[in-house]
Amino acid sequence: MIGRVRSVWLVGWWGGECVLLALALAALATVTPSSPSAEFLALYSFYNHTNGPLWEQHCSANWRFGCLAEWNSAECPDPCNPLAFSGVSCSGSSVSSIVLPSCGLTGSLPEDALNDFFWLTILDVSSNNITGRVPAITRPLRFMQFQLGYNKFTGPIPVLHASMLSVFLKDNFLTGTLPDSLGDISSLVAFNVAYNRLQGTIPPGLVRSSTLEDIDLSENFLSGDLPAAIAPTMDNLNLRDNLLDGTIPVDLCAVPCDLNVLQLNSNNLHGHLPDSYVNMSRMSIMDVSQNWLTGTIPASVQQLSRLNTFILEENAFSGPLDRLLGMENLANLLAGSNLFTGPLALPPSLNYGFQVLNVSLNLLSGPFTIKYTEMGTMATIDASSNFLTGPLPTGLNVSSELRHVVLGNNLFTSSIPMEIAILMVNLYLDLSDNLLTGPIPDEMFQGCFTPMGGAECALSSVKFYLLLHKNYLTGTIPSSVGGARVMRQMLLFDNHLTGPIPASIKNMTILSTLLLQNNLLTGHPGEHFDMPTDASMANITFPNLQVVDIGDNRFSGSVPEEFFRLPRLRYFAITKGCYDGDLPHAICDASSLESLILEGLHAGVECNDVFWDPLGILNDAYISFVDPSTIPACVWDLPSLRTLHLAGNALTGTLPSTPSSAFDSLQDLSLSFNQMTGTIPRLVQEQGFTTLDLSRNRFSGRLDHLNVHGFEVAEALNEDYDFHIHINRLSGEVPETATYLQRLEILAGNIWSCDSENDLPKNDPQERRYVCGSSSFDNALSVWAVFFACVIVFGGVAYLMMVFYSRRPEQSPRRRNKSVWATHLSMRTSLDDGPPVSIDSSLTEEVSPVSAGSWLVHIVQQFQAWDEAACQTDKKLNPQLYLFLQSLINFRLIAVSLAVIIAVLYLPLYVFGKGYYDFGSHTPQYRWLFTAAYLSSTTAGGWMAGLFAIVLLYVVCQVYRHYFSMRKFFSRIEAEAGGHGQGPRGQTRRSTIFNAQAAISGKKFLTIFGLILFNCVFILMLKCGFVYLIHVDAVEPSLQTTLQFGLAIFDIFYNSIVLSRMVLTFPKLLSPSARIQVRLMGLVFNNILAPIAATAISDRSCFSELFFAEAGSIDTFSSIMVCDSLDEKGGCSSFTALMLSTTFDPIFSYDYQCSSSLFTVFFPVLLFSYTLTAFVEPAILLMLINFVKFEYVDGFLKLIPSILWPTRSRHDKFNKVILPEILCSSLLGNIAIILTFGVASPAVGLAVALSVYIYTWQWHYIVGRYLRVFQNRRTDQGESEGESEGESRLSSDSVSSQRQSAYSQDSQRQSSLTWGGSESRVTSVLQFHRALESACRDTWRGAMKSLWILIAISAMFMCMLLNDVSGDEVGIRRTLQVLTIPVSSLALALLVGIKAFSVWLRGVESDEMERLLSQNSPGTELDKRVELPPRNSGSDLRALSKSTSSIAPPVFSIIHATQPHVIDPHVKVLNEANDGL
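All residue numbers here refer to positions counted from 1 along the written sequence of the relevant chain. For this predicted model, a pLDDT threshold of at least 70 governs which residues receive local features, and a threshold of 80 or more governs which side-chain atom pairs are given and counted, while totals over whole chains, interfaces and linings are taken from all residues. Side-chain numbers here rest on the full set of heavy atoms in the structure, without hydrogens or water.

Asks: What exactly am I supposed to notice about the overall build of the protein chain here?
Replies: Under the DSSP-based scheme used, a helix requires at least four consecutive residues in state H or I and a strand at least two consecutive residues in state E, with every element numbered from the N terminus. What the protein chain contains, in helices and strands, is 29 helices and 51 strands. Counting over 1477 residues, the protein chain shows a buried share of 53%. A fraction of 60% describes how many contacts in the protein chain between residues 6 or more apart in sequence connect residues 24 or more apart. Residue exposure ignores everything except the shown protein chains as possible cover, and the areas themselves are Shrake-Rupley values with a 1.4 Å probe. Total accessible area on the protein chain stands at roughly 62000 Å², and carbon and sulfur atoms take up 57% of it. Exposure is judged per residue with a 1.4 Å probe applied to protein chains only, and the accessible area is read against the type maximum: over 50% gives exposed, under 20% gives buried, and values in between give partly exposed. Contacts were defined at the residue level, with two residues in contact if any of their heavy atoms lie within 4.5 Å.

Asks: Sorry, what's going on with the pairing of strand 18 (residues 292-295) here?
Replies: Strand residues, when the strand is regular, have side chains that alternate between the two faces of the sheet. Alternating residues of strand 18 divide into Leu293 and Gly295, all buried, and Trp292 and Thr294, none buried. Alignment of strand 16 (residues 270-271) against strand 18, held across 2 bridges, turns out to be parallel. Looking at the pairing, His270 lines up with Trp292 of strand 18. Here the rule is simple: two strands pair whenever DSSP picks up at least two bridges between them. Where strand 18 lies against strand 20 (residues 316-319), 2 bridges are found, and the strand directions are parallel. Counterpart to Thr294 in the pairing with strand 20 is Ala316.

Asks: How should I be thinking about the confidence of the model for the protein chain in this particular structure?
Replies: Caution applies to low-pLDDT parts of the model: their predicted coordinates are not meant to be read in detail. Scored by pLDDT, the protein chain comes out at a mean of 75, with 71% of its residues at no less than 70. Every residue is assigned a pLDDT by the predictor, reflecting its confidence on a scale from 0 to 100. Confidence, expressed as mean pLDDT per element, reaches its minimum in the protein chain at strand 1 (residues 3-6) with 30 and its maximum at strand 22 (residues 339-340) with 95. Segment residues 1279-1323: pLDDT under 50, and 44 contacts once partners within four positions in sequence are set aside and those in other chains are kept.

Asks: When you look at the state of the cysteines in this model, what are you seeing that I'm missing?
Replies: In a disulfide, the sulfur atoms of two cysteines are held together by a covalent bond. Here, a disulfide means two cysteine sulfur atoms that sit within 2.5 Å of each other. Tallying each qualifying case throughout the model produces 4 disulfides. The side chain of Cys754 participates in a disulfide bridge whose partner is Cys772; the two sulfur atoms lie 1.6 Å from each other. Disulfide Cys754-Cys772: torsion about the S-S bond near 90 degrees, hence right-handed. Here the residue Cys754 occupies a position in the loop between strand 49 (751-753) and helix 9 (775-806), and Cys772 occupies one in the loop between strand 49 and helix 9, the gap between them amounting to 18 residues. Looking at Cys754, the relative accessible area reads 18%, which means it is buried. The partner cysteine of Cys1102 in its disulfide is Cys1154, sulfur to sulfur 2.1 Å. Sign of the S-S torsion, about 105 degrees for the bond between Cys1102 and Cys1154, identifies this disulfide as right-handed. Here Cys1102 is found in the loop between helix 16 (1072-1098) and helix 17 (1109-1112), whereas its partner Cys1154 is found in helix 18 (residues 1154-1187), with 52 residues between them in sequence.

Asks: Would you mind going over a nonpolar patch on the surface with me for this structure?
Replies: A contiguous nonpolar patch, built from Leu339, Leu363, Phe387, Leu411, Leu435 and Tyr472 and spanning about 510 Å² of accessible area, is present on the exposed surface. Note that Leu339 resides in strand 22. The exposure class of Leu339 is partly exposed, given its relative accessible area of 39%. A patch consists of residues whose relative accessible area exceeds 30% and which take part in no salt bridge; residues with like charges are grouped when within 9 Å of each other, and nonpolar side chains (Val, Leu, Ile, Met, Phe, Trp, Tyr) when within 5 Å. A carboxyl oxygen of Asp or Glu within 4 Å of a side-chain nitrogen of Lys or Arg is what we treat as a salt bridge.

Asks: Teacher, can you tell me more about the packing of helix 12 (residues 879-916) against helix 19 (residues 1220-1240) here?
Replies: Pairs of packed helices are described in terms of their axes, by the angle between the two and the distance that separates them. With their axes 9 Å apart at the nearest point, helix 12 and helix 19 run at an angle of 5 degrees to one another. The orientation of helix 12 relative to helix 19 falls into the category roughly parallel. Residues Phe884, Leu888, Phe891, Ile894, Ala895, Leu898, Ala899, Ile902, Tyr906 and Tyr910 of helix 12 pack against Pro1220, Leu1223, Cys1224, Leu1227, Leu1228, Ile1231, Ile1234, Leu1235, Gly1238, Val1239 and Ala1240 of helix 19. Tallied by class, the residues present in the contact of helix 12 with helix 19 amount to 20 nonpolar, 1 polar and no charged. With axes taken as lines fitted to C-alpha atoms, and helix axes fitted only over the stretch in contact, angles between N-to-C directions fall between 0 and 180 degrees. For classification purposes, an angle smaller than 35 degrees is called roughly parallel, one larger than 145 roughly antiparallel, one from 65 to 115 roughly perpendicular, and anything else oblique. Gly falls in the polar group here, along with every residue not listed as nonpolar (Ala, Val, Leu, Ile, Met, Phe, Trp, Tyr, Cys, Pro) or charged (Asp, Glu, Lys, Arg).

Quick look at the structure:
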């Protein structure tokens, strides 16, 4: 039995202090201790398990193991010998402590070996790299200090022996929960398991242990409520950074306790502060920050009479601060980031020893007042980010220790008071982000003064850090600024300071940060920063200047080179200035440069021309004609460069392709809003940037080597990153590596191919609305091709069936039924008020329902009959109708030949130019290869201009050729009729815009102007809305196709119905040719000009930044590190990141892709539109004619011509029998489309030509059908009564007088006119023939009269296209000189030539008319056969009918024999027009 008295020293760790514990332990050992040899073997096991050979040298230890047999044998060293086993201490002959901290131990601790040290009291292996589990203590050893902190132990906390005095397991990887057995350790004084991964709740027995004084459970994942009734011996309770919830218990100390430090911060505690602190009167530090505590500060808090530091930050406390500021011994109050309200007033009772006051980020309002005369040791006042108003507080100079004053981000007004300007030993002054006005006081830089106005202090005592940014300070930077020789940071940005930078700034030799951006400073910024390039460090003016930002001022001249010679320059920024010249090569001298921001060097307001904008609709857009510059090649070799921003400078050139070791450090690259070309080199693609912005340039090619590792790393670290390469000329497949990035924009403005929507980046803003490749154009073209193929197949099959059945022998008679289709197509419909009219007896035969071939034969025969009727129109009897039909043929020939010529001329240019001569801006271009979209080459532009001249001359020649042929025919007819189309003899009637007989008033002019204005505004808004919807995020490609198809349907409806109705509202006011021109101009605006204007306004590739700020703004973000707190010596103890942001509109730089954007959006619309016009509209018209009942269209009678229902009687309700002005203007509008969009896409031109072909044939057959019907009526009339009888009856005076009386009576009941009698049948034929002739009057002149519109619109469109095609390579100026001006001159010359030719032609026609009239003088055979009577004479008209009966068909005789007052209103209009002539 051994008895020993031992003194144990316990080393404490909290607070860095050592606590001496003397415990007298008198115990008799009743167990057998381990033998010395066992402890020797245990040391050997410990040595091996912890990799002794490795840590032995690191810790200068020398553990010698010579023998393993006996403890004190000659061969084995004594483990208690400090020379043999350093770090091992013994008590007697037994090991009592092993202390090896920070020795580099690795491996694990042997559990069995530790149990062999019977008398071990201290085990300290902290701050090593030991892994594995914490060994379990199984034998009744006498451990007092168990220090295993700062290692890599894992697993749960083992069972600890009851003899433990201190357990230190801080900063490991322990998991599991706190064992309940910890509360059973009766001798435990200190327990520290901070910075682990423990979970669960806190065992109540742990904090209630009667001997426990120090508990640190911080930085774990402990949850549950706070334990109550802690041990009265508790001195330090640290539970911060856990997941504890609930409230702070009132009975935290159920009895008076010794609690000195309570740390509950960074948990999830809620509720209020306890109302009673009577048992915690010894508390000096209380930290409850970063919780969810609410309510006001209770009055009981003043029971904490010894409280020195009270930390309440980042909660939701409210109410005033009076109770806190009135605490007796409080020296540090940190109450920021709460909801405290009321004014801030420092009471007279404020503790003299008060040091730190932080009430930032609250809701304090009102004035900030100081009501005491001395603050003693006050060092820091931080009242920033509140709503404090009024002037800045006075009285701050009463403290001789005040070094840190932060009053920024408030609403302080007035100027800077003198008390603040002369603060003594003020090292940090922050008055930023207020409403301060006035100048900066000179005294702020002239040294310091004693509080009572004593002698001036040394200059070294002035402020080290001055933050006055984001105010409204005016005046100049004081010339006394040089007096602040030791100032390190001067932040004066975002004010209204004027004047130059003072020369005395050279004296600020310690200055490291200078921020002057966003002021009104003038002069040259580098004037006082110049220095010899060969100067040594001792002679350099600014040896410490590292951060400079002088952007957004009114500096002028070139980019200052002087700053780049500063030896320690790390950050330099200029944004939005008026600098000229190229980027200086002196940039390469800044070898320490880390961030270079030179953006918007030509975007200053003073150096740019504002667009003329009297209506104020533009977005403060600027244009600057600056010479483009390039990036110096040496910039890419700067060794320390990490951030390079050169956006908005109109830079040209290419990116580097040669590898450089310095290029690897570049992480942030922004070159947006420039004019850089070429491909994105593999070097740049593989760099792995965290931010890459190459948007709004002209880069082309593919992205096959993109490396997004840098973006992924930034995303994993939750850092800002950006990847923008939109609005370039990139194409190919979307980089797979960029598919899942979170913040990127690569789709807009590029042509990417994709097999499915899954190939697109999910987080790109354009992902939902992006159209891959040329799929929109492909879809529309496929729809047109399918319809065309179906028509060809159907026509071929029908032709074969017709040939087959037409050659079959007659079948035997059998029962036949009436065919509904044959009935409709033969127009055998019964009248509403008379018997059926037999049209063609050949079609009245009954056919078998199953004889489809016979039905086709009947259809073809019917169409042949209609064609024959139209082609055999009598030139003399119906000259206007004949000329109208000839115009249809001319339009058809011009459209088809023009489309074919364009395809032959332009298609090879597009295909071979893009495919073989690199004329395209994108590679590949998919189906856009066959169009002018994405065409870019001066050579291609020259070819296009030359070919356009050929096309335009061809159109002019064709129009005039057809006009001459028709004019010659019409002149001959007029001459044969006796010059009825002229004025005085020998003077040709001149066509004018307004009808001479129409009463022109101001109201009518306003009506016309209003309708035109409504059409322009409505259509422009509609097309702008359409383009906007195409660019809206929610519009998917399928919905875009639907919108395009819907717009095509609307265009057809609006142009055919609404626009036609507008033109028909003033039929008497305008002449026929004028009505054609007016509607043609409407069609040109709706189909050509409005899409151009809408695309230019709304598309990002055009001029959208002129109208919308968000479309073209540049947002520059950067951050610099600035000091936010000081140490005792005035040095910076901590830094914070100051975010600098600048937003400006760059100078407008045209992208030369506007026409391509126009084509990509509106080509599908045109293809859909002409697919419907060519294939669907004729079918709808056929159904309307044959299946819609007549009475159903009464509401549309003003828009539907009566020629569609030739067998109906109620034709008096129709506006006209036919609308040739509408037809001619539509055909001319189609030709305008061919000359514009058809030139850009031959496929569109061919689709339009096919539509014109079908449209003209359609109306050719409609007119023929009409004539065929009335030929049959005339035949029926002749067969029933005989033509001779009709003529004799008409020539008899008695019968004529009787009929005159009958017609007079019948004129009073026109509405009841029937088809029953032969006379009424004759009258109907007469009415319709004369109405048809009246409707077609002078429409054949429309093409020639409208030729100037075609020339003007096609030339304007071609100039726009040439500016994009050629300007992309040589610029707008060169394009204007070489191509645009010649094309415009050609168009102008053609217009002038047409006008001069028209004047000359009038004289020629007058002479020709005189000649023809002289040839038809009295006595000729014509005059003998037809004696022209005077006008407005009924008897003479009857004489005319008699004289022409021998040479004219009966219908002509009927027309001339009928009186005007007995015919329908259409005929009356014609008679009035004839009388006017």
